[in-house]
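# Summary of the model geometry
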Amino acid sequence: MKYTRLSALAALGVAATLSLTACGNGGSGKDSSSSVSSSSSSSSSSSDGSSKSEGGSGSGGSEASNAKSSSGEDTEARVGAANGATETGGQVKFCKTEDLAIDARDAAPDEVSGRIDITMINRGSTTCSATGFAGVDIKDADNTSNPIERGQAQPRITTLKPGDAAVFNLAYDIDNSGDSLSDPTNIEVTPPNETHTVSLNWPAGAGEIKGAYTDVEVYPTHTTE
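Computed from a predicted structure; not experimentally measured.

The buried fraction of strand E10 (residues 184-190) is high, at six of seven residues. As paired elements, strand E5 (residues 135-140) and E10 share six bridges and run antiparallel to each other. Across the sheet, residue Val136 finds its bridge partner in E10, namely Val189. Bridge count for E10 against strand E11 (residues 198-201) is four bridges, and the pairing is antiparallel. Considered in E11, the bridge of Ile187 is made with Leu200.

Dropping the structure here:
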């Protein structure tokens, strides 16, 4: 009987130990699961945080792009204003060749001094500037073109309202010997600050050019008033 009671107590002791061990392992498993879940949640949170950070960076990039675009527009506006590209603040565009009616006539004051006046009338709908030197080439009967040098004169501000006219002239000495080697047929004119050229007939009755085309000079534009 005594042995039986001892055996029973021993069995109860083993069962209790096993129960405690099982409970310990279960608790450990629960803690481990909780740790994994927490780690996963933390990872997800970190991923979300990273995503937001990139979104913020993207937003900043967009703002930088907008700022750059705005800066570009400001730069273009400043450059445009410097070139007279607006009609506000007293600034005007340069006259376009297509808006100008251009012709040439003999205006020699005597039989020694040759002069050809070239008139440009603003046929456009807005005020424009014709200030400066026009580009001029004289075309000869042999189909060669000769650029004309600028005379010693300072340009004058030449602003043309619709219908207004500007004039500039070519000056040279007249050859009355009858031995002039020049035979001009056309005057190629490019208005100041333009790239488009018009071809005008050499004025009938204009005196012969003494010397070479390099002796002809072009003077800056001015208003006719």
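There is more to say after this.
Before going further, it helps to spend a moment on the nonpolar core. Core analysis: the largest hydrophobic core is formed by 27 residues, its most contacted members being Ile116, Ile118, Phe168, Leu170, Tyr172, Ile187 and Trp202. Looking at this core, the elements with two or more residues in it are strand E2 (100-106), strand E3 (113-122), E5, strand E9 (165-173) and E10. In terms of residue count, E9 provides more of this core than any other element does, four residues in total. Those residues in contact with Ile116 that lie beyond four places of it in its chain are Ala104, Arg105, Ala107, Phe168, Asn169, Leu170, Tyr172, Ile187, Trp202, Pro203 and Ala206.

A word on the pattern of salt bridges. Within this structure, the stated rule accounts for two salt bridges. A salt bridge links Arg105 to Asp117, with the shortest nitrogen-to-oxygen separation between them at 3.7 Å. Of this pair, Arg105 sits in strand E2 while Asp117 is found in strand E3, placing the two residues 12 residues apart along the sequence. Looking at Asp117, the relative accessible area reads 10%, which means it is buried. With a closest N to O distance of 3.3 Å, Arg115 and Asp117 form a salt bridge. Accessibility expressed as a relative area gives 32% for Arg115, which makes it partly exposed. It is possible to trace a salt-bridge network through shared partners that takes in Arg105, Arg115 and Asp117.

Within a regular strand, the side chains alternate between the two sheet faces. The element E3 is largely enclosed, with a buried count of seven among its 10 residues. As defined by bridge partners, E2 adjoins E3 across seven bridges and the pair is classed as antiparallel. In the strand pairing of E3, Ala104 is matched with Ile118. From the end of E2 to the start of E3, which pair antiparallel, there are six residues. Across nine bridges, E3 lies against E9 in antiparallel orientation. Paired with Ile116 across the strands is Leu170, a residue of E9.

Here the focus is the sheet that holds strand E1 (residues 93-94). The three strands are arranged E1-E4-E8 in an open sheet whose pairing can be described as mixed. Looking at which strands have only one partner, the edges of the open sheet turn out to be E1 and strand E8 (159-160). Examined bridge by bridge, strand E4 (residues 128-129) and E8 share two bridges and lie antiparallel to one another. Opposite Cys128, over in E8, you have Leu160 as the bridge partner.

Parameters and conventions
Residues numbered from 1 in each chain as written. Predicted model: local features only at pLDDT ≥ 70, side-chain atom pairs only at ≥ 80, totals over all residues. Heavy atoms only, no water. Buried < 20%, exposed > 50% of the residue type's maximum accessible area, 1.4 Å probe, protein only. Helix = DSSP H or I, 4+ residues; strand = E, 2+ residues; numbered from the N terminus. Pairing = 2+ DSSP bridges. Core = buried A, V, L, I, M, F, W, Y, C linked by side-chain atoms within 4.5 Å. Contact = heavy atoms within 4.5 Å. Salt bridge = Lys/Arg side-chain N within 4 Å of Asp/Glu carboxyl O.

By themselves, these figures tell us nothing about what the structure is for.
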